[in-house]
Structures are given as structure tokens and as C-alpha cells.
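Structure at a glance
The residues making up each chain are set out below.
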Amino acid sequence: MDGKGVGFIGLGNMGEGMAYNLAAKGFAPLVFDTRREPLERLKAEGATIATTCAEIGERCDIVCVAVFDDSQIEQVVFGRDGDAGILAGMGAGGMIVLHPTAPPATVRKVAEAGAAKGVDVLDAPMTGGANVAARGGTLTFMVGGDDAVVARARPVLEAMATSVFHVGPLGSGAAAKIINNYLGVSQTILMREALRLADNAGIGEERILEILNTGGVGSSWQSINWGRIKTQEATYTTGRAGMVAMASKDMKLAHRMAREGGVPTPTLDAMIAASLPDLDRSGLTDNGMD
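Remember, it's a predicted structure, so these values are computed and weren't measured experimentally.

1. Describing helix 12 (residues 226-235)
Of all the positions in helix 12, only Trp226, Ile229, Gln232 and Glu233 are classed as buried. Buried positions in helix 12, seen along its axis, are confined to an arc of 120° and lie on one side of it. Structural note: helix 12 exposes Ala234 and Thr235 on the side pointing more than 90 degrees away from its buried face. As for helix 12, its buried residues are in contact with helix 7 (130-136), helix 9 (172-200), helix 10 (205-215), helix 11 (221-224) and helix 13 (239-261).

Here it is as C-alpha cells:
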């Protein structure tokens, strides 16, 4: 790829694995995070460390952003606490690729600011199996943006994923990801409640999962991968509370999307009211029956 190169901001549970694949596939990314440990690990893989988001904007023509939420997107793009942000350093022809699960309105806000400087923006959130898929380069991207911009970003995206879906115009990738995560978190909540019923009936977790996954009717990605989900929660970059916060954010984004669109979602309404407080108390995979 011609140009100044690829930058990557946000080396958390997903971002470190994504940046690792860029390094492994010859992109030699310029990386930034507030934590030193992932920076040093990526440096050993061939990445270069930046000191600010603005520096990445100055030195890169494509910048991938994999921070937590819309608030952090605005911080790294527009600047905060002495760091002027990506846009301050990026010139015409640059591109910002937003990977977080964020409201389409945030994507459009960044795109409007980018357009004033000749900077393109894509929303490209991902799915596929969390940090395991990120490290393995087997993610699926849901991308929103103009055809020509998506085509220019595709080599970078394909270095981190096995599937890249161009969903539609700007913001549509974010909408698809919100729907995806709403279903994923909801099914995890249902799985946990089913395990509570099993525990109360004297059926062990391993036994009920074996029955569900053999019979098929009650099985799901969550039942098949329950052990993997438990391990992910136990080893999550920001702890159990961080994984719960991510799940709660996703559900609230889906709820906001439904309200703004006037879409009736009575099950989601009930989960927001009752299930999210329960997650805060016992986490995603604890069945709460100790």
C-alpha cells in the first residue's frame, strides 16, 4: 500500500490482536495506547510506538481506532489533555476507520469533521469471537461508507479478518454491529438464567450443556462456547467489571437505536430494566446460585 502507512490506536482486549496481525502481515503499524505493556509487546512484533494520537494522524494515512466507546472516540479524534487528536495532524487524503461499537450519530459527527479537512471516515466494527478471533485474524468486519473509501481500506481490513461485509452507507456498519451484539448479549443472559434453573433442579452445568448441545433445539453459540466465554470474562483486559460494562453498553445502544427508530422491543425493554442490574451484581457467566 502506498502512502505514509497505517496507525492503530487502542490496544485493549481486541485492538492488540488486530494490531498484531497488521504487524505480522507487513504493515508495520504505528501504535498508541495509554498502557505501556501492549505497546512493548507490539514493538517486539515490528510495530513502532507513537507518543500521541496527533502524531499518528501526522504520520499515517489510514488510522484504525479500537477504543471502548463514543466518548473515547471523540477524545482520540478531537483531542484531550494536551493531545490534539488524530484530526489535528491528519491532512487531505487521510482516512480514519472506527472499530468500536458506537452510535451511528458519533460516526457521522467524526465524518463531518473529517470532511472539512478532506479526511475520509469508515465505521468498521467487528465480530467473530472476541480476543481469540482478533489474535487469530479471523474477525468479521461490518463496514459503512462510500464504495471507493471501502476499497482503499480493504487491504488493511483483510489483514485482520476473514470476512469484510460492506453493509451500506456511513453508519450502517455500526447499526449492524449493535444488532449483532444485542443478540449476543441477550443469548448470554438467557444461557446464564437457564444454568440457574439447572442448578436449582440439581443438574450440573457440564451435564445440561452436554444435553443442550447434543439435542440441538436449545443450543446456541453461547451454549457451545460457554467455557470460552467464562475464560474470556476471567481474563478480560479490564476485569469482569470491564466485560459487564461492554455488555451493558451494547444493550443500551440497541435500546437507544430502537427508541430513536420507533421500533417496539418489549423483550429488550425488560432486559434493560431487570437484567442489566443483575449483570452488575454477578457478572455475565456467574449463575448467581452460590
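Further notes follow.
2. What to know about the pairing of strand 1 (residues 6-9)
In strand 1, alternate side chains face the same way, and those of Val6 and Phe8 on one face and Gly7 and Ile9 on the other are all buried. Examined bridge by bridge, strand 1 and strand 4 (residues 62-65) share four bridges and lie parallel to one another. Residue Phe8 lies in a different strand from strand 4, and its bridge partner there is Cys64. Here strand 1 pairs with strand 2 (residues 30-32) via three bridges, running parallel. Counted as the bridge partner of Phe8 is Val31 from strand 2. Between the parallel elements strand 1 and strand 2, the chain passes through helix 1 (residues 15-24) in a crossover that is right-handed.

3. Some points on the UniProt feature "active site" (unreviewed entry) in the protein
The feature "active site" (unreviewed entry), as annotated in UniProt, sits at Lys177 in this numbering. The residue Lys177 is located in helix 9 in this model. Discounting chain neighbours no more than four positions away, the residues touching Lys177 are Thr101, Pro125, Met126 and Met142. A polar contact is formed between the side chain of Lys177 and the backbone oxygen of Met126, at a distance of 2.8 Å.

4. Re the pattern of salt bridges
Two side chains with opposite charge may pair up if their charged atoms get near one another. Under the criterion given, the structure shown has 14 salt bridges. Among the salt bridges present, the one from Glu74 reaches Lys109, with a minimum N-O distance of 3.0 Å. Taken together, the residues span a long stretch of sequence, with Glu74 in helix 4 (residues 70-78) and Lys109 in helix 6 (residues 104-115) at a distance of 35 residues. On the accessibility criterion, Glu74 (26% relative accessible area) is partly exposed. Here Asp120 and Arg152 are joined by a salt bridge, their closest N and O atoms 3.0 Å apart. Taken as a pair, Asp120 in strand 6 (residues 120-123) and Arg152 in helix 8 (residues 147-158) lie far apart in primary sequence, 32 residues in all. By sharing partners, the salt bridges in this structure join Arg192, Arg196, Asp278 and Arg281 into a single network.

5. What about the pairing of strand 6?
Pairing between strand 5 (residues 95-98) and strand 6: four bridges, direction parallel. Of the residues in strand 6, the one forming a bridge with Val97 is Leu122.

6. Description of a nonpolar patch on the surface
A contiguous nonpolar patch, built from Ile179, Leu183 and Met257 and spanning about 250 Å² of accessible area, is present on the exposed surface. Take Met257: it is sitting in helix 13. For Met257, a relative accessible area of 31% translates into the label partly exposed.

Rules behind the numbers
- Going along each chain's sequence as written, the residues are numbered from 1 onward.
- Reporting of local features is limited, given that this is a predicted model, to residues whose pLDDT is at least 70; pairs of side-chain atoms are given and counted only at 80 or more, and all residues count toward the totals for whole chains, interfaces and linings.
- Heavy atoms throughout the structure, all of them, feed into the side-chain values; hydrogens and water do not.
- Only protein chains enter the calculation, and the probe is 1.4 Å; a residue is then buried if its accessible area is under 20% of its type maximum, exposed if over 50%, and partly exposed in between.
- Numbering of helices and strands runs from the N terminus; a helix is a DSSP stretch of H or I covering at least four residues, while a strand is a stretch of E covering at least two.
- Here the arc refers to the set of directions running from the helix axis out to each C-beta atom.
- Any pair of residues with heavy atoms lying within 4.5 Å of one another is described as a contacting pair.
- Strands qualify as paired when DSSP identifies two bridges or more between them.
- Seen with its strands pointing away from the viewer, a crossover is right-handed if its path from the first strand over the helix to the second goes clockwise.
- UniProt positions are given in the numbering used here, feature names are shortened, and annotations may be inferred rather than shown by experiment.
- For this analysis, a polar contact is any N or O atom pair within 3.5 Å, provided that within protein one partner can donate a hydrogen and the other can accept it, and provided that sequence-adjacent residues contribute only side-chain to side-chain pairs.
- Think of a salt bridge as a Lys or Arg side-chain nitrogen and an Asp or Glu carboxyl oxygen that are within 4 Å of each other.
- Any residue with relative accessible area above 30% and no salt bridge may belong to a patch, with like charges joined within 9 Å and the nonpolar Val, Leu, Ile, Met, Phe, Trp and Tyr side chains within 5 Å.
- Surface exposure here means Shrake-Rupley accessible area, sampled with a 1.4 Å probe, where a residue is shielded only by the protein chains that are shown.

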